[in-house]
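What follows is the residue order along each chain.
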Amino acid sequence: MEKIPISKTKSEYIRVVFPEHANSIGIFYGGYMMRWILDAGILLATKFTKGPCVVGSMDSIDFIKPVKIGDILVFESFALFVGNSSIEIGVNVFSGRYGKEELACISNLSFVALDSDGNKRKILKKVYPDTKEEEKLYEKAIERRERRKKRISELKNNPPEFSVLGTKWSISAQRVIFPEDTLFLKRAYGGKVLMVMDELSAILARRYARGICVTASVDEMDFLAPAYVGEILNIEAHISLV
């Protein structure tokens, strides 16, 4: 089985922030950041595994500095660990212009390789750490993977009863999944789902704060079941802490 150092898996994805990607005060919309992080991850995952992949989980996303219209975003992705059919990917986002770039966002994701029937597919290539820094990244990726497996197992065994409809500071939306919302196997693309979730959260936050709000961070997120073309997504949000 082929093994390559983590550094050799590097992939870059570059975007420019236009006015349609920003809010009314010119700050980059968090939903697009999450979507583009997923785009960068799926680009590396499909290339590395040589086939279709879907996002399984996103660990925390931290927005370190604001991004504005005209900024150039560079998404640097690395494969940090590879299991039988899953791949752990770290994404660092740098923003700036005229050659001056600063770290804007950090995220870690997991993807699952699938065959043409939607079943898990074995990944035939592995990665290994080649430096002390890569060893730390490799070990942290394994730790996140084990925590995630435990978390998902608990969620499946004890599904949370989450319904916020009827509370004062809550909001919900329904969206039909169309073909343009998919990437592989007629499944809703996680990046588009994240954009809808962020938009709904921003509306609720703005109503409560009576002013413009921006996304500061996102906690762990697990995609437990696929959603297909023709199905309806019911998304609910509520304010949990102020």
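Values in this document were obtained by computation on a predicted structure and should not be read as measured data.

What the chain contains, in helices and strands, is three helices and 12 strands. C-alpha atoms of the chain, sized along the principal axes, occupy 55 × 50 × 35 Å. Put simply, the chain has 242 residues, and 43% of those count as buried. Residue pairs in contact within the chain that sit at least 24 positions apart in sequence constitute 77% of those at least 6 positions apart. By element, 53% of the accessible surface of the chain is carried by carbon and sulfur atoms, the whole surface being about 13800 Å².

In this model, helix α2 (residues 132–157) (26 residues) spans 38 Å end to end at C-alpha, consistent with the 38 Å of a helix rising 1.5 Å per residue. Residues of α2 that are buried include every one of Glu134, Ala141, Arg144, Arg145, Arg148, Arg151 and Ile152, and no others. Residues of α2 that are buried make contact with β3 (53–58), β5 (72–82), β6 (86–97), β7 (100–113), β8 (125–128) and β11 (221–222).

Let us now look at the packing of helix α1 (residues 30–49) against helix α3 (residues 190–209). At their nearest, the axes of α1 and α3 sit 8 Å apart, and the two run at 165° to each other. By the angle between their axes, α1 is roughly antiparallel relative to α3. Every pair of crossing elements has a handedness; the one defined by α1 and α3 is right-handed. Facing Gly30, Gly31, Tyr32, Met34, Arg35 and Leu38 of α1, the residues of α3 in contact are Gly190, Gly191, Lys192, Leu194, Met195 and Asp198.

Taken as a whole and assessed by the stated rule, the structure comprises seven aromatic pairs. A centroid spacing of 5.8 Å and a plane angle of 75° characterise the contact between Tyr29 and Tyr32, whose relative ring orientation is edge-to-face. Judged by its relative accessible area of 22%, Tyr32 falls in the partly exposed class. An aromatic cluster is defined as three or more aromatic residues linked by ring pairs; in this entry it consists of Tyr13, Phe28, Tyr29, Tyr32, Trp36 and Phe75.

Attention now goes to unusual backbone geometry. Note: most peptide bonds trans; most residues except glycine with negative phi. Its identity as a non-glycine residue notwithstanding, Lys50 has a phi of 60°, on the positive side. Mapping Lys50 onto the fold places it in the loop between α1 and β3. Residue classification places Lys50 among the exposed positions, given a relative accessible area of 69%.

Attention shifts here to the side chain of Thr9. Position of Thr9 relative to the elements: it lies in the loop between β1 (2–5) and β2 (11–16). On the accessibility criterion, Thr9 (5% relative accessible area) is buried. Sequence-distant contacts of Thr9, that is, excluding residues within four places in its chain, are made with Ile4, Leu44, Phe48, Ser77, Phe78, Ala79 and Val127.

Okay, the pattern of salt bridges next. Inspection of every chain in the model, using the stated rule, returns 12 salt bridges. The salt bridge partner of Arg151 is Asp59, with a shortest N-O separation of 4.0 Å. Highlighted residues: Arg151 in helix α2 and Asp59 in the loop between β3 and β4 (61–63), separated in sequence by 92 residues. Glu88 is paired through a salt bridge with Arg148; the nearest N and O atoms lie 2.8 Å apart. Of this pair, Glu88 sits in strand β6 while Arg148 sits in helix α2, and the two are 60 residues apart along the sequence. With relative accessibility at 2%, the residue Glu88 sits in the buried group. The network of salt bridges with shared partners includes Asp59, Glu88, Arg144, Arg148, Arg151 and Asp222.

Before going further, it helps to spend a moment on the environment of Asp71. Here Asp71 shows up in the loop between β4 and β5. Note: C-alpha distance between Asp71 and Tyr98 (27 residues apart in sequence) is 9.1 Å. When sequence neighbours within four positions are dropped, the list of residues in contact with Asp71 reads Arg15, Val16, Val17, Ser95, Gly96 and Arg97. Within the structure, the side chain of Asp71 is placed 2.7 Å from the side chain of Arg97, a separation counted as a polar contact.

What follows covers the nonpolar core. Counting 43 residues, the largest nonpolar core has Met33, Ile37, Phe75 and Phe111 as the members making the most contacts within it. Counting only elements with at least two residues in this core, the list comes to α1, β3, β4, β5, β6 and β7. The element contributing the most residues to this core is α1, with 10 residues. When neighbours within four sequence positions are excluded, Phe75 is seen to be in contact with Ser11, Glu12, Tyr13, Arg15, Met33, Trp36, Ile37, Ala40, Val91, Asn92 and Val93. Within the second largest apolar cluster, seven residues are counted, among which are Ile171, Ala173, Val196 and Ala237.

About the criteria used
- Residues numbered from 1 in each chain as written.
- Predicted model: local features only at pLDDT ≥ 70, side-chain atom pairs only at ≥ 80, totals over all residues.
- Heavy atoms only, no water.
- Helix = DSSP H or I, 4+ residues; strand = E, 2+ residues; numbered from the N terminus.
- Buried < 20%, exposed > 50% of the residue type's maximum accessible area, 1.4 Å probe, protein only.
- Contact = heavy atoms within 4.5 Å.
- Areas by Shrake-Rupley, 256 points an atom, 1.4 Å probe, with all protein chains shown as cover.
- Expected span 1.5 Å × (residues − 1).
- Axes fitted to C-alpha atoms, helices over the stretch in contact; angles between N-to-C directions.
- Parallel < 35°, antiparallel > 145°, perpendicular 65-115°, else oblique.
- Left-handed = near helix turned anticlockwise from the far one by under 90°.
- Phe/Tyr/Trp six-rings, centres within 6.5 Å; stacked < 30°, edge-to-face > 60°.
- Salt bridge = Lys/Arg side-chain N within 4 Å of Asp/Glu carboxyl O.
- Polar contact = N/O pair within 3.5 Å; in protein donor to acceptor, adjacent residues only side chain to side chain.
- Core = buried A, V, L, I, M, F, W, Y, C linked by side-chain atoms within 4.5 Å.

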